[in-house]
Amino acid sequence: MATATEPRPLADLEQDALARVEAEFARRARGVKPWTTGEYVDRIAKVHAHYEQRRQWLRMHEQETAS
């Protein structure tokens, strides 16, 4: 388990972001303008895309520092 000084694994951060999207979806479902299913899926896809870009960036920069 990561401490306050250790960074959290990227997978954990991604799961937290997905949980926030789901919480927002549930909150909006009780409101006046709920998200459509398409909006929900788009938000989930954006989270996955963001973390995939981050993984690619980290892989690229790990190779540069190893050189």
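Here, every reference points to the structure presented above.
**Q** Can you walk me through the overall build of the chain in this structure?
**A** A count of helical and extended segments in the chain gives two helices and zero strands. Counting over 67 residues, the chain shows a buried share of 12%. Of the roughly 5500 Å² of accessible surface on the chain, a fraction of 56% belongs to carbon and sulfur atoms.

**Q** Help me understand the nonpolar core, please; the structure alone is not making it clear to me.
**A** Most often, soluble globular proteins keep nonpolar side chains buried together rather than apart. Formed by Ala17, Leu18, Val21, Trp35, Ile44, Val47 and Tyr51, the largest nonpolar core amounts to seven residues. Among the elements of the structure, α1 (10-29) and α2 (37-66) are those that each provide at least two residues to this core. Excluding anything up to four places from it in sequence, alanine 17 contacts Val47 and Tyr51.

**Q** What's the story with the packing of aromatic side chains in this structure? I'm lost.
**A** Aromatic ring pairs are described here by two measures, namely the spacing of the ring centres and the angle between the planes. The tally for this structure, following the rule as stated, stands at two aromatic pairs. Relative to tryptophan 35, the ring of phenylalanine 25 has its centre 6.2 Å away and its plane inclined at 35°; by these criteria the two rings are tilted. With phenylalanine 25 in helix α1 and tryptophan 35 in the loop between α1 and α2, this pair connects stretches of sequence that are 10 residues apart. A residue is classified by how much of its surface remains accessible, and phenylalanine 25, at 27% relative accessible area, is partly exposed.

**Q** Looking at this structure, how should I read α1?
**A** In an α-helix there are 3.6 residues to a turn, and that puts residues three or four apart on one side. Taking 1.5 Å per residue, 20 residues should reach 28 Å; α1 reaches 29 Å between its end C-alpha atoms and fits that length. Here α1 has its buried residues at Glu14, Ala17, Leu18 and Val21. Summarising the axial view, the buried residues of α1 lie within an arc of 100°, below the 170-degree limit, and thus occupy one face.

**Q** Help me understand the environment of tryptophan 35, please; the structure alone is not making it clear to me.
**A** Overall, the relative accessible area of 9% leaves tryptophan 35 in the buried class. Not counting chain neighbours up to four residues away, the residues in contact with tryptophan 35 comprise Val21, Glu24, Phe25, Arg28, Tyr40 and Arg43.

**Q** Would you mind showing me how to read the pattern of salt bridges here?
**A** Pairing of side chains with opposite charge becomes possible as their charged atoms draw close. According to the stated counting rule, one finds four salt bridges in the structure shown. Among the salt bridges present, the one from aspartate 16 reaches arginine 8, with a minimum N-O distance of 2.5 Å. On the basis of relative accessibility, which here comes to 40%, the residue arginine 8 falls in the partly exposed class. Between glutamate 52 and arginine 59 there is a salt bridge, with its nearest N and O atoms 3.4 Å apart.

Conventions and cut-offs
Residues numbered from 1 in each chain as written. Predicted model: local features only at pLDDT ≥ 70, side-chain atom pairs only at ≥ 80, totals over all residues. Heavy atoms only, no water. Helix = DSSP H or I, 4+ residues; strand = E, 2+ residues; numbered from the N terminus. Buried < 20%, exposed > 50% of the residue type's maximum accessible area, 1.4 Å probe, protein only. Areas by Shrake-Rupley, 256 points an atom, 1.4 Å probe, with all protein chains shown as cover. Core = buried A, V, L, I, M, F, W, Y, C linked by side-chain atoms within 4.5 Å. Contact = heavy atoms within 4.5 Å. Phe/Tyr/Trp six-rings, centres within 6.5 Å; stacked < 30°, edge-to-face > 60°. Expected span 1.5 Å × (residues − 1). Arc of directions from axis to C-beta. Salt bridge = Lys/Arg side-chain N within 4 Å of Asp/Glu carboxyl O.

Worth remembering: the numbers are spatial, not functional.
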